[in-house]
Amino acid sequence: MADFGEILSSCGEFGLFQKITLFALCLPNAILPFQFASVLFLQSDPERHCNTDWILRADPNLTTAEQLNLTLPREEDGTFSRCRMFVPVDWDIGAIRDYGLNETTVCQDGWVYYNMMYESTIVTDFDLVCGQANLLEVAQTVLMAGILVGCLLFGPFAESFGRKRAAQIPVIVMLIFTITAGLSPNYYLYLVSQLMVGTGYGGYRLNSIILATEWIGVSKRSWGACVSQLFGAVGQCILAGLVYAVRDWRLAQLITAAPLAVIAIYIWFIPESARWLLGRGRTDEAKQLIIKAAAINKCTVPDSLLDKIVVKETEKKRGIIILIQSTVLRRYFFTLILAWFSLTITYYSLSFNVGNFGLDIFLTQTMFGLTELPAHILCIWLLEVVGRKVSLMFTLLTGGLLCILILAVSQSNAVAVTVLATSGRFFVNWAGSICNVYVQELFPTSLRQTASGLGSIVSRAGGLLSPLLNILAIYHWSIPIIVFSSLTLASGALSFLLPETRRKELPDSTDEAESNRIKATMKTQNASSIRPQNQSTKL
């Protein structure tokens, strides 16, 4: 299996088989952004007042103005209180008018909302206002916690049960709990549903990229991660249009479930990773898949080549212990996960703040999606032209610089703030695609899923902390920006420690990974040049 890349060269590095597989695995990424609809598209502090219909028992003919004047205290600026009401009394309407009410309390029968941008949000359905306002950040945090749990669970799961199963099961989980969230009668069932949706989200994102990448040859490997991100950017744009048209978070959840149901059917027909099958000793299954891929790509793999791969199947695996013992791989890993953590906390801090930039939220969300499209298209090209290392350093440093420049403009200048935030998000999202490619190429097959899983866990920890980081803005609006911008700039500088992996085969052993596959690649090239004369070349 050391030269599985040569097998891919024989059966087609990026033929019809790989394109169909890649499309099938990437399509769900256009739906995944919809899972953020309920925590992104809302008015966190809507116009409201306490529900005081209790007074209508005394006089059902009261006008709205009279009802509010008799039952609500006023703030210092003369407006009605949004969070307090007069304590209900069992008096007749004449006594209430004559003596008035003085004792106040918090809202006891919910709120009346008005001047709403949406028909229904989790804020208005679950009354996440006044003393319950911080529960909105809790909902965002729970979703991100679920994504982290998904990476934690389905990373090791994929090592034992395969990339295919680890991509299929999360889709089913998302389908079930997307529907459950939309039908939730209370906030707590909604939170549980969001946790499970996040779990499915994290598990699918992690394993679909690895499954796609392991089937693609060296010349097109960046497509595995970048096209996945590209579909996600398309989903960002569709999300803005969906919520603009629907304006009801429950209906949006059920609409999201419809395409997930279609995906949940076809996802069972995707192929397993032949690399993983060979690593588990299931050589007959791997051989059948390779032959099938070659047939679809209209190529032929020599039997002698397949036989030699079977002979190679004796390599000992030591799991995560390799990552701990190897100084080289450990350095690669910690440098990469710092970059991943930094860009994720920046990305989601900006995303969860989408309604506070001053421009229309639907326009801003559409701009977020549209700017990501060229980011991922450029990523595919630049990764092959300038390489992984330079691309990662450039995107992280530029993204961090643009974000910190937000501090230099007036917060009342909505256009400037939105442009800088959107541009910063553009570059950190671009860096995310590079990290997804990098993590596949730095670590050996026996450790690749584990490294990707651990990296995704740390990355999702950044997403988990982003709503909490945004809360610090109550002390000063600049605190979140300073924190995530500094992290991004620091990780961009440290990326200099990573090696270049452009146009190098995926390493299948620790030695190959530690030497960055240079010698192994040269050996493969030499072997390819002499194979017609010497069929005993070692694979």
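Here, every reference points to the structure presented above.
Residues numbered from 1 in each chain as written. Predicted model: local features only at pLDDT ≥ 70, side-chain atom pairs only at ≥ 80, totals over all residues. Heavy atoms only, no water.

K.L.:
Would you mind going over the state of the cysteines with me for this structure?
P.N.:
Here a disulfide denotes a covalent bond joining the sulfur atom of one cysteine to the sulfur atom of another. If you walk through the whole model with that rule in mind, you get 2 disulfides. The disulfide partner of cysteine 50 is cysteine 107, and the S-S distance across this bridge is 1.7 Å. Negative torsions about the S-S bond denote left-handed disulfides, and the value of about -60 degrees found for cysteine 50 with cysteine 107 makes this one left-handed. Placement of cysteine 50 in strand E1 (residues 48-50) and of cysteine 107 in the loop between strand E3 (104-106) and strand E4 (111-113) is noted, with a sequence separation of 57 residues between them. When sorted by exposure, cysteine 50 lands in the same class as cysteine 107, which is buried. There is a disulfide in this structure between cysteine 83 and cysteine 130, and the S-S distance comes to 2.0 Å. Between cysteine 83 and cysteine 130, the S-S dihedral sits near -90 degrees, and the bridge is therefore left-handed. You can see cysteine 83 sitting in the loop between helix H4 (64-71) and strand E2 (84-86) and its partner cysteine 130 sitting in the loop between helix H6 (122-125) and helix H7 (135-161), a full 47 residues away along the chain. In this structure cysteine 130 comes out as partly exposed when scored by relative accessible area, which is 23%. (Disulfide = S-S within 2.5 Å. Helix = DSSP H or I, 4+ residues; strand = E, 2+ residues; numbered from the N terminus. Buried < 20%, exposed > 50% of the residue type's maximum accessible area, 1.4 Å probe, protein only.)

K.L.:
Could you clarify how one ought to interpret the side chain of threonine 335 in this entry?
P.N.:
With respect to the helices, strands and loops of the structure, threonine 335 is situated in helix H16 (residues 327-351). The class for threonine 335 is buried, based on a relative accessible area of 8%. Dropping the residues within four chain positions of it, threonine 335 is found in contact with Leu494, Ser495, Leu497 and Leu498. (Contact = heavy atoms within 4.5 Å.)

K.L.:
In this structure, what is going on with the packing of helix H10 (residues 222-246) against helix H19 (residues 414-442)? I would like to understand it.
P.N.:
Interhelical geometry of H10 versus H19 gives an angle of 145 degrees and a closest axis separation of 8 Å. Handedness of the H10/H19 crossing: right-handed. Residue-level inspection shows Ser222, Ala225, Cys226, Gln229 and Gln236 of H10 in contact with H19, the latter providing Arg425, Asn429, Gly432, Ser433, Asn436 and Val437. Each residue belonging to the contact of H10 with H19 can be placed in one class, and the counts come to 3 nonpolar, 7 polar and 1 charged. (Axes fitted to C-alpha atoms, helices over the stretch in contact; angles between N-to-C directions. Left-handed = near helix turned anticlockwise from the far one by under 90°. Nonpolar A, V, L, I, M, F, W, Y, C, P; charged D, E, K, R; others polar.)

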